[in-house]
Amino acid sequence: MTLQLGEKKFLGRTLLASAAFLGLLAFAGAPRASAESYDSCQRRIFKADHRLHEAIEHHGWDSRQADHARHELREARERCWRERHRWWDEDGRRWHSDRDWDDHDHDHGRP
């Protein structure tokens, strides 16, 4: 059972097209994964920042709940910094590329 020249060319082209398609799929997924990582960091910090504002509003500046929320916000910022070397400033609505956050940045309105 031998393959004719036309069949060999067809098989070769099919294999080449399949390899190119699989390569395209592999590279197409990489940028989205990176964008999803930034989005998850931003969402995580947004939620932690919101919980801190809520804890301060409902329980006071020096409450146990506010301290816990400050800790969670710090952890969310640290995680983004470890993963992406960037962190989201929800109040400033921008990304920071320096590890320059202030753990007491929400104390500006403190009585």
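Look up: the structure comes first, before these words.
Residues numbered from 1 in each chain as written. Predicted model: local features only at pLDDT ≥ 70, side-chain atom pairs only at ≥ 80, totals over all residues. Heavy atoms only, no water.

What is the right way to read the pattern of salt bridges from this model?
A side chain of one charge can pair with a side chain of the opposite charge if their charged atoms are brought near each other. Counted by the stated rule, this structure contains four salt bridges. Arginine 70 is paired through a salt bridge with aspartate 67; the nearest N and O atoms lie 3.0 Å apart. Highlighted residues: arginine 70 and aspartate 67, both in helix H2 (residues 64-84), separated by three residues, approximately one helical turn. Judged by relative accessible area, aspartate 67 falls into the partly exposed class, the value being 44%. The shortest N-O distance in the salt bridge between arginine 79 and glutamate 83 comes to 2.9 Å. Placement of both arginine 79 and glutamate 83 in helix H2 is noted, with a separation of four residues, approximately one turn of the helix. Relative accessible area serves as the criterion here: at 35%, arginine 79 is assigned to the partly exposed category. (Salt bridge = Lys/Arg side-chain N within 4 Å of Asp/Glu carboxyl O. Helix = DSSP H or I, 4+ residues; strand = E, 2+ residues; numbered from the N terminus. Buried < 20%, exposed > 50% of the residue type's maximum accessible area, 1.4 Å probe, protein only.)

Any chance you could explain the state of the cysteines here in plain terms?
One way to say it: the disulfide is the covalent bond shared by the sulfur atoms of two cysteines. According to the stated counting rule, one finds one disulfide in the structure shown. What pairs with cysteine 41 in a disulfide is cysteine 80, and their sulfur atoms sit 2.4 Å apart. Taking the sign of the S-S torsion, about -130° here, the bridge from cysteine 41 to cysteine 80 comes out left-handed. Of this pair, cysteine 41 sits in helix H1 (residues 5-59) while cysteine 80 sits in helix H2, and the two are 39 residues apart along the sequence. A single burial state applies to cysteine 41 and to cysteine 80, both of which are buried. (Disulfide = S-S within 2.5 Å.)

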